[in-house]
Amino acid sequence: SLTFSTAINAYSKVAPEDSATAVKRAIELLDELEGLYIPDSENINTCYNAAANVIAKSGVPNSSELILDLMNRMKNMDAVPDGMMYTSCLEASVKTGDVDGIKRGRQMLEQMIDEPHFEPTSANFNILLNAILKSKSERKLEEAEELVAQMQEIGGDARPDSASFNMIISALSRSNTPDAAEKAVDYLRSMLRLYKNDRYEKAKPDSFAFNCVINMLARSKHEWADEVIQRTLSAMETQERHGNASVLLDTITYNVVIGKLAQSATITNAKKVMKLLGTMEARAECGSTAVVPDIITYTNVLKLQGKVNPHRAASIASSYLTRAMSSDDKIFIDRVGFYTLLHALSRSNKFEDATTARNAWEWIEKSDRVDVVLTSEACNLVTIAYSKNKTEEAAAEVLSFLSDRIHRYRQGDKDTVLPSKVGFSAAFIPLCAANRTNDALSLLKIIKALNIVPDAGCYISMLSALSGRKSTNGAVHAQKVFQQMKEDLEDVPTAAFNAAINACAWVSGSPVGQRKALEIAFEIFQQARKQNSYDSITFGLIIKACMHLSKDDNARMKLIQPVFELCAKNGLVGSMVEREMRHLASRLIPGKLPQEWTKNAKDKK
């Protein structure tokens, strides 16, 4: 009979087109065996099981009926169908995947449950579970859940195993039901409970189950998903730490969790992300090749930290780029990652971070890397980084950075990437702040020659840099910028008038210089009135200029009174005007302001 079983088994490996012939030959061999009947039920079972396996794998029509016929023939040979025979019959029953096939599978499984000679195992249930989940039934997910519940109820060796849980979790991950993620989490918890608490080795969780649930939670919109995804990763780490070789953590898993947490900019999530980044870096330092933070890791970390703690984001970006630039290995950086790194540096007010941004740009520019495409938008971030540091050093560096690029571009190197209007506008800030307004205006001429048309934002950047800082010549510089703006633009926005007046208001030095600044401030104020381009802030600033620049109380009041009356008449007495007036000339302003005075003020209380 051993020879017969070996011969029959061979027919389970034939090509699909020969399956019908294989089934016919397997049955013929059984006919021969029955004619040579040897009373050895164990070996007889082996032969019949081999034949059943051939039939189940063949997919021939009525395969389940053929196996049922074999089971009846076994009884005539004083043999009893065992679990393998029932398993083959179950496989054959559900092979078609249609409603009738699954119904036959259910009937066969119920027969197995009622069979006194053996107990069905999770493997038997998994055959039906797999068929249900692959069917086209609209209720297949519900039917699968019911089957898993039945397995848990029967208990013993029929309890769901790793394959059972993986199948149902995977199916949930592909569904769009609102509670799919919650159910998947519950199944994973059941899996862990069976394995840890009940010592049920067959339910040992693996990376597939964990990653399925983690990916579902990453897509989930539920508020609790952030907390649960972090706990799921923690459970995965625990399994690996306790020696579960089926759980292998990698960079992708950590990145998915960090990416999910980064979507919600909270301090709690920021702390969790930094802890996960620390774990990844520590594992990498210990020699791990599976868990190594990459550009995707840092991109997500920086997106979150940039919203919660920009200074920390800049520090992380600077550290990463410094390592990348000094490493002998070519560290992968993609376009999005490089932009995110520069963006983090551009929000810092440290000169060193601006220098790192420039060095990184030039490093990429001179390399043969194809993973990063340099763009004007990214170049803007370098000049923006310098704009946050209003020092002579920053002004010199940003001018050097731009001059080098402009020179190469003019020499015919059309591959040289220049900043856009936004980037040049940012460069004006440190230049004007460092009292290099002439350099800013010269740069303005250059960008015009490059067919970059300056807009109001460019001039406002210059004027704003001249505002809010005490200087002896801020008003003169503001007047020069303002005159250039009037020549270049048809309409001067209110914000530009305000910035210019504010630059005048902060002038310090000799009385002659301050008087000149006040004259320029009023000249600009009158132009604003003439163009009907003023607001409550404009009046507040001109009143502040009078306060700072006029040292004689009587002269100051003569200047302020008509300005305030005009302001009140236009309904533009806002918070700034009220504050300045209560400090300077409280007799001109009542305790409670009339509504007519404030009706058009955008900064009213």
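Here the structure is shown first, and the text comes after it.
Residues numbered from 1 in each chain as written. Predicted model: local features only at pLDDT ≥ 70, side-chain atom pairs only at ≥ 80, totals over all residues. Heavy atoms only, no water.

**Student:** What is the right way to look at the overall build of the chain in this model?
**Tutor:** In terms of regular secondary structure, the chain is built from 30 helices and zero strands. Relative to the 2.2 N^0.38 estimate, which gives 25 Å for 605 residues, the radius of gyration of the chain is 39 Å and therefore markedly larger than a compact globule would have. Structurally, the chain occupies a C-alpha span of about 130 × 60 × 45 Å along its principal axes. Taking all contacts inside the chain whose residues are at least 6 apart in sequence as the whole, residues at least 24 apart take part in 68%. Carbon and sulfur atoms make up 50% of the accessible area of the chain, which amounts to about 28900 Å² in all. Treating the 74 positive side-chain charges of the chain as one cloud and the 74 negative ones as another, the clouds have centres 13 Å apart. (Helix = DSSP H or I, 4+ residues; strand = E, 2+ residues; numbered from the N terminus. Rg over C-alpha atoms; globule rule 2.2 N^0.38 Å. Contact = heavy atoms within 4.5 Å. Areas by Shrake-Rupley, 256 points an atom, 1.4 Å probe, with all protein chains shown as cover. Lys, Arg positive; Asp, Glu negative; His and termini not counted. Charge placed at Lys NZ, Arg CZ, Asp CG, Glu CD.)

**Student:** Even after reading the chapter, I still don't get the packing of helix α5 (residues 83-94) against helix α6 (residues 99-114), so can you show me in this structure?
**Tutor:** Between α5 and α6, the least distance of the axes is 7 Å, while the angle of their chain directions is 160 degrees. With respect to their mutual orientation, α5 and α6 come out roughly antiparallel. Taken as a pair, α5 and α6 cross one another with a handedness that is left-handed. Of the residues in α6, those in contact with Y86, T87, C89, L90, S93 and V94 of α5 are G101, I102, R104, G105, M108, L109, Q111 and M112. (Axes fitted to C-alpha atoms, helices over the stretch in contact; angles between N-to-C directions. Parallel < 35°, antiparallel > 145°, perpendicular 65-115°, else oblique. Left-handed = near helix turned anticlockwise from the far one by under 90°.)

**Student:** I keep staring at the side chain of R405 and nothing clicks. Help me out?
**Tutor:** Tracing the backbone shows R405 in helix α20 (residues 392-410). Apart from residues lying up to four places away in sequence, R405 is in contact with W361, E362, E365, C379, T416, V417 and L418.

**Student:** Honestly, the nonpolar core in this entry has me stumped. Any pointers?
**Tutor:** The tendency in soluble globular proteins is for nonpolar side chains to be buried side by side. Of all hydrophobic cores here, the largest spans 199 residues; its most connected members are I8, I169, F338 and W361. For I8, the contacting residues outside a window of four places in its chain are A26, L29, L30, C47, A50, A51 and V54. (Core = buried A, V, L, I, M, F, W, Y, C linked by side-chain atoms within 4.5 Å. Buried < 20%, exposed > 50% of the residue type's maximum accessible area, 1.4 Å probe, protein only.)

**Student:** How should I be thinking about the pattern of salt bridges in this particular structure?
**Tutor:** Evaluation of the coordinates by the stated rule reveals 29 salt bridges. For R106, the salt bridge identified is with E143, shortest N-O distance 3.7 Å. Residue R106 is found in helix α6, and its partner E143 is found in helix α8 (residues 140-154); the two are separated by 37 residues along the sequence. Accessibility expressed as a relative area gives 32% for R106, which makes it partly exposed. Across the pair D488 and K448 runs a salt bridge whose closest N-O atoms are separated by 2.5 Å. Of this pair, D488 sits in helix α24 (residues 474-488) while K448 sits in helix α22 (residues 437-449); the two residues are 40 residues apart in sequence, bridging distant segments of the chain. D488 sits in the partly exposed class, given a relative accessible area of 30%. (Salt bridge = Lys/Arg side-chain N within 4 Å of Asp/Glu carboxyl O.)

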